[in-house]
Amino acid sequence: MKRIGIIGVGEIGRAIVDGLYDRGDDAPEVFLSPRGARAAAELSERYEGVRVCPDNQAVVDRSEIVIIAVRRQDRHEALAGLAVADDKIVVNVMSGVGNDDLRRTLATDAPLVRAIPLPAIRERRSVTVTYPSHPVVDSLFEHLGGALPVADETAFNVLSAVTGTLTTHYRYLATLTSWAAGHGIASGDADRYVRGLFQEVGRALGDQTRTLEQLAANHETPKGNNERIRTTWFTPANSAALAQALDGLLADLTEPLHAS
């Protein structure tokens, strides 16, 4: 694909453009909507092949793949009246918006593919879940760190719910930093130490030969510090509360949208 359009230039839209242009001379032309005007202008100044279009219809008309990355609550305003030819490919990255809902909005027979790109695609380090599998879309995300096609929308929604834990992880790290600072460690030193500690943990995740349970066991000694915190803080009740929160999110993601 040589022409890609993005409607909604927020964090994910910016990450997609950065990841595409990390490929160098083989990068496609990218057409951006005027939504997110500041980010779109910055990207067009940074990359020669990126252009800001006057409106969303121009993005659709000039592109072979159209990535829709607006917020779910803004979709009706952003997409109202768009004419999407059947030979386009539409990638839906709106959280909680199924393809049936999007097809009704666009009134098109073009292929629709849901995807969950994450900000790390800008460094091409994140696998993107897709449904249904489509060779062109899967190839696009393979260039951005990898594609993970799933069999049905139920599986897609489960992994979408898991994605909702991302900022909880950051808040967990921030809490560790605040706790250390509250016990006399300079906040900058605490921040630096916690970042370094968990960057090493992140690198260990690249070892595909060990399961997550094995990685946990390998970082823990019997009756040691890690075992103590895991068993006294991450209790069965704590684990059940997390599962309950994920079940609630999954239910919301699965429920058909109407006028929301």
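Everything discussed here concerns the structure shown above.
Structure report, in brief. Within any chain, residue numbers begin from 1 and follow the written order of that chain's sequence. The predicted nature of this model means local features are confined to residues of pLDDT at least 70 and side-chain atom pairs, given and counted, to a pLDDT of 80 or more, with totals for whole chains, interfaces and linings taken over all residues. Side-chain figures throughout are based on the complete set of non-hydrogen atoms in the structure, without hydrogens or water.

## What about the overall build of the protein chain?
Item 1. A count of helices and strands for the protein chain gives 12 helices and 8 strands.
Item 2. Here the protein chain, with 260 residues, has 35% of them falling under the buried criterion.
Item 3. Areas reported here follow the Shrake-Rupley algorithm with a probe of radius 1.4 Å; residue values treat only the protein chains shown as occluding. Surface exposure of the protein chain reaches about 15000 Å², of which carbon and sulfur atoms provide 54%.
Item 4. Side-chain charges of the protein chain comprise 27 positive and 34 negative groups, with the mean position of each set lying 5 Å from the other. Counting from the N terminus, the helices are the DSSP runs of H or I reaching at least four residues and the strands are the DSSP runs of E reaching at least two. Remark: exposure states derive from per-residue accessible area (1.4 Å probe, protein chains only) relative to the maximum for the residue type, with buried under 20%, exposed over 50%, and partly exposed in between. We count Lys and Arg on the positive side and Asp and Glu on the negative side, and we leave His and both chain ends out. Working definition for charges: the position is that of NZ of Lys, CZ of Arg, CG of Asp or CD of Glu.

## Some remarks on helix α7 (residues 153-163)
Item 1. Residues Phe156, Asn157, Ser160 and Ala161 constitute the buried set of α7. The buried residues of α7 occupy one face: seen down the axis, they fall within an arc of 140°.
Item 2. In this structure, the buried residues of α7 make contact with β6 (112-116), β7 (128-131) and α12 (236-254).
Item 3. Any pair of N or O atoms that falls within 3.5 Å is considered a polar contact. Within protein, one atom must be able to donate a hydrogen and the other to accept it, and sequence-neighbouring residues count only if both atoms are side-chain atoms. Put simply, aspartate 152 is the residue that caps the front of α7, since its side-chain oxygen is 3.2 Å from the backbone nitrogen of threonine 154. Directions from the helix axis toward the C-beta atoms define the arc. Any two residues whose heavy atoms approach within 4.5 Å are treated as being in contact.

## Some points on the pattern of salt bridges
Item 1. Any Lys or Arg side-chain nitrogen located within 4 Å of an Asp or Glu carboxyl oxygen qualifies as a salt bridge. In total, this model carries 14 salt bridges according to the counting rule given.
Item 2. Notably, a salt bridge pairs glutamate 11 with arginine 14, separated by 2.7 Å at the nearest N-O pair. Here the residue glutamate 11 and the residue arginine 14 both occupy positions in helix α1 (residues 11-21), the gap between them amounting to 3 residues, near one helical turn.
Item 3. For arginine 203, the salt bridge goes to glutamate 200, with nearest N and O atoms at 3.2 Å. You can see arginine 203 and its partner glutamate 200 sitting in helix α9 (residues 187-204), 3 residues apart, about one turn around the helix.
Item 4. A relative accessible area of 55% means that arginine 203 is categorised as exposed.

## Description of a nonpolar patch on the surface
Item 1. Taken together, the side chains of Tyr172, Ile229, Trp233, Phe234 and Leu242 define a hydrophobic patch exposed on the protein surface, amounting to about 490 Å² of accessible area.
Item 2. Turning to its location among the elements, tyrosine 172 is positioned in helix α8 (residues 166-182). Like-charged residues within 9 Å of one another, or nonpolar side chains (Val, Leu, Ile, Met, Phe, Trp, Tyr) within 5 Å, are grouped into patches, provided each residue has over 30% relative accessible area and no salt bridge.

## Notes on the nonpolar core
It is characteristic of soluble globular proteins that their nonpolar side chains tend to be buried jointly.
Item 1. We define the nonpolar core as a collection of buried residues of types Ala, Val, Leu, Ile, Met, Phe, Trp, Tyr and Cys that are connected through side-chain atoms lying within 4.5 Å of one another. In this structure, Val17, Leu32 and Ile67 are the most contacted members of the largest nonpolar core, which totals 29 residues.
Item 2. Secondary structure elements with two or more residues in this core: β1 (3-7), α1, β2 (29-32), α2 (37-46), β4 (65-68), β5 (89-92), β6 and α6 (135-142).
Item 3. The dominant element in this core, judged by the number of residues it contributes, is α1, at 5 residues.
Item 4. Setting aside anything within four residues of it in sequence, one finds isoleucine 67 in contact with Ile4, Gly5, Ile6, Ile7, Ile16, Val91, Val93 and Leu140.
Item 5. One finds Ile7, Val84, Val97 and Ala110 within the second-largest nonpolar core, a separate group that totals 20 residues.

## Notes on the packing of aromatic side chains
Item 1. Only Phe, Tyr and Trp rings take part, Trp by its six-membered ring, and two of them pair if their centres are within 6.5 Å. Stacked means planes under 30 degrees apart, edge-to-face means over 60, and tilted covers everything else. Throughout the structure, instances matching the rule amount to 4 aromatic pairs.
Item 2. Between tyrosine 172 and phenylalanine 198, the ring centres sit 6.1 Å apart and the planes meet at 85°, which makes this aromatic pair edge-to-face. Of this pair, tyrosine 172 sits in helix α8 while phenylalanine 198 sits in helix α9, and the two are 26 residues apart along the sequence.
Item 3. With 5.9 Å between their ring centres and 35° between their planes, tryptophan 233 and phenylalanine 234 make a pair best called tilted.
Item 4. Among the aromatic residues, ring-to-ring pairing joins Tyr172, Phe198, Trp233 and Phe234 into one connected group.

## Thoughts on α9
Item 1. Given a helix with a known number of residues, its expected span is that number minus one, times 1.5 Å. If you check α9, its first and last C-alpha atoms are 26 Å apart, about what 18 residues at 1.5 Å a residue would give, namely 26 Å.
Item 2. Residues of α9 that are buried include every one of Ala190, Val194 and Ala204, and no others. One side of α9 holds all its buried residues, which, seen down the axis, span an arc of 75°. Among the exposed residues of α9, those oriented more than 90 degrees off its buried face are Arg192, Arg195 and Arg203.

## Brief notes about unusual backbone geometry
Item 1. Cis peptide bonds are those with omega within 30 degrees of zero, and the linkage from tyrosine 131 to proline 132 qualifies with -10°.
Item 2. Its identity is not glycine, yet alanine 107 carries a phi of approximately 50°, on the positive side.

## Description of the environment of histidine 219
Item 1. Within the secondary structure layout, histidine 219 lies in the loop between α10 (212-218) and α11 (225-233).
Item 2. In this structure, the C-alpha to C-alpha distance between histidine 219 and valine 201, residues 18 residues apart in sequence, is 9.3 Å.
Item 3. For histidine 219, the contacting residues outside a window of four places in its chain are Ala204 and Asn226.
Item 4. Of the polar contacts made by the side chain of histidine 219, one reaches the backbone oxygen of leucine 215; its length is 2.8 Å.

Scope: geometric values only; no functional claims are made or implied.
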